[in-house]
Amino acid sequence: MHSTMEVVKKCGLACITITEYEFIWIIENVKNHRLEVGQYLESPKFKTGENGEFEWTMDLYLAGYDMKNKDHVGIRIYLYDKITKFFKHVNLEIALIDKKGKKNTTINALLDKDKLNEEISIFKNFILKSYLFGVSNLLINDQLKIVCRISTDDVVDQIFSNKQVIDTSLSILQCRNAQMDNFKNLLNNDKFSDFVLKVKGTEFPVHKAILAAHSRVFAVMFDSDMREKSDNFALIEDVEVEVMHKLLHFIYVGQVDNLEELADTVLMAADKYELDGLKQQCEEQLVKQLHIDNVYECLRLADDYGAHKLKDAAIQFLFGNAQELADAEHFKQLIRSLSADLLADILCVFMTKPS
């Protein structure tokens, strides 16, 4: 059993620079690693910095980070030396690579350097164990490939020929954050809005150009001869107010937080308005929350709204917890509530799995 690391370094930009490093960790004979909960595999050390002064590792918890998260594979990013005066933030992306070479189960996080090596850099619910070990396009010949991309906002003073020092304190990452804040302010300020979404007594002043650029459904609404075009407002009756808050926040800012309680209803609305990025975030959240008590509801949701990642994960969860689910109350009633096509998909998985 061994692991290898391939390193690709990408650099650029003067003054305040964004330096990107990409590392690929290949783990062989994954199923032969007999780990207990809390034990982990450690990647080879990899380095960043102009002279390789910063050393990192990834820790993979194949059996779960702790008992509470024993159904999931966890992953952690670790920086050995925290004397990082040369950068303020770390933009992190960790993903699994499938047999087609595409990224799967991606984590994106912007971490403050002072929070590295704390709880914030541990992703306890990286991927459901039954999903990882049950999906053939992630484990290729019992080999797992993990890619980690790290970019830092490096502070560099560049001296030009006239000896002036250009000291720019704002990194590109910070500029991106500022841009997000600007769009958030635009969402929260109706001064330049040109349309109103009326949702169950609550009015949302919006900007048609922004909504149309992100959603084909809104674009068609604004471009058609429907009453909404002339009245400059639309009644939205099938979306809750809190859900519309999430949709608009995603459209304007590009991300949404605190999906735990609303992931299912936000997914339905994201599907209606063809917001694929938001729908994917909801799927990932629901995969993390899969449980004996909600797996059938998640299956129905995934089947009704074409949430393929959630559907695959829920079927794998069924496979990994078949006995416990069979013993559950109302098991037959729950099974009968699933569509014939969905039952056929489940049966195919069970018939093709090794005993």
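The rules we used
Residues numbered from 1 in each chain as written. Predicted model: local features only at pLDDT ≥ 70, side-chain atom pairs only at ≥ 80, totals over all residues. Heavy atoms only, no water. Phe/Tyr/Trp six-rings, centres within 6.5 Å; stacked < 30°, edge-to-face > 60°. Buried < 20%, exposed > 50% of the residue type's maximum accessible area, 1.4 Å probe, protein only. Helix = DSSP H or I, 4+ residues; strand = E, 2+ residues; numbered from the N terminus. Lys, Arg positive; Asp, Glu negative; His and termini not counted. Salt bridge = Lys/Arg side-chain N within 4 Å of Asp/Glu carboxyl O. Contact = heavy atoms within 4.5 Å. Core = buried A, V, L, I, M, F, W, Y, C linked by side-chain atoms within 4.5 Å. pLDDT = per-residue confidence, 0-100. Pairing = 2+ DSSP bridges. Axes fitted to C-alpha atoms, helices over the stretch in contact; angles between N-to-C directions. Arc of directions from axis to C-beta.

## Observations concerning the packing of aromatic side chains
This model, assessed by the stated rule, comprises 7 aromatic pairs. Plain terms: the ring middles of Tyr21 and Phe23 are 6.4 Å apart, the flat faces sit at 10° to each other, and that makes the pair stacked. This pair shows no difference in class: Tyr21 is buried, exactly as Phe23 is. Ring centres of Phe218 and Phe222 lie 6.0 Å apart, and the angle between their planes is 15°; this geometry places the pair in the stacked category. You can see Phe218 and its partner Phe222 sitting in helix H4 (residues 216-223), 4 residues apart, about one turn around the helix. Note on Phe218: relative accessible area 1%, which makes it buried.

## Brief notes about the side chain of Asp59
Considering the arrangement of structural elements, one finds Asp59 in strand E5 (residues 54-61). For the buried Asp59, which has no salt bridge, the nearest side chain bearing the opposite charge is Arg76, at an N-O separation of 4.0 Å. The contact partners of Asp59, leaving out residues within four places of it in the chain, are Tyr40, Leu41, Glu42, Gly74, Ile75 and Arg76.

## Comments concerning the environment of Lys311
Structurally, Lys311 can be placed in helix H10 (residues 308-320). Measuring from C-alpha to C-alpha, the distance between Lys311 and Val287 comes to 9.0 Å, with 24 residues separating the pair along the chain. Those residues within four positions of Lys311 in sequence are excluded, and the remaining contacts are Leu299, Ala302, Asp303, Leu342 and Asp345.

## Some details on the nonpolar core
In globular proteins that are soluble, nonpolar side chains generally tend to be buried together. Grouped together as the largest cluster of nonpolar side chains are 90 residues, with contacts concentrated most on Ile146 and Leu197. The dominant element in this core, judged by the number of residues it contributes, is helix H6 (residues 241-253), at 8 residues. Dropping the residues within four chain positions of it, Leu197 is found in contact with Thr202, Glu203, Phe204, Val206, Leu211, Phe218, Ala234, Ile236, Met244 and Leu248. Ranked by size, the runner-up nonpolar core spans 5 residues in total, among them Ile24, Ile26, Ala95 and Ile97.

## Overview of the confidence of the model for the protein chain
Looking at the protein chain, pLDDT values average 78 and 76% of them are 70 or higher. Mean pLDDT values for the elements of the protein chain range from 31 in strand E12 (residues 165-166) up to 95 in helix H7 (residues 263-272). Confidence over residues 1-17 falls short of pLDDT 50; this stretch has 57 contacts with residues more than four positions distant or in other chains.

## Focus on the sheet that holds strand E15 (residues 233-236)
Taking strand neighbours across the sheet as the criterion, the 3 strands line up as E14-E13-E15 in an open arrangement whose pairing is mixed. Each edge of the sheet is formed by a strand with only one pairing partner; in this case those strands are strand E14 (202-206) and E15. If you compare each strand with its neighbour and ignore which way they point, the axes differ by 20° on average. Relative to E15, strand E13 (residues 195-199) runs parallel, the two sharing 4 bridges. Opposite Val199, over in E15, you have Ile236 as the bridge partner. Strand contacts of H6: E13, E14 and E15, with the helix running at about 10° to E14, the strand carrying the most contacts.

## Re the side chain of Asp142
Looking at the secondary structure, you find Asp142 in the loop between helix H1 (129-134) and strand E10 (144-155). No salt bridge is formed by the buried Asp142, whose closest oppositely charged neighbour, Lys31, lies at an N-O distance of 5.2 Å. Ignoring sequence-local partners within four residues, the contact set of Asp142 consists of Ile27, Glu28, Asn29, Val30, Lys31 and Asn32.

## Describing the environment of Asp257
In this fold, Asp257 is placed in the loop between H6 and H7. Of the residues examined, Asp257 reaches a relative accessible area of 46% and is grouped as partly exposed. Each C-alpha atom, one on Asp257 and one on Lys246, is 8.2 Å from the other, the two residues being 11 residues apart in sequence.

## Here's the deal with H4
Among the residues of H4, those classed as buried are Phe218, Met221 and Phe222. The buried side chains of H4 occupy one side of the element, clustering within an arc of 90° when seen end-on. Away from its buried face by more than 90 degrees, H4 exposes Arg216 and Asp223.

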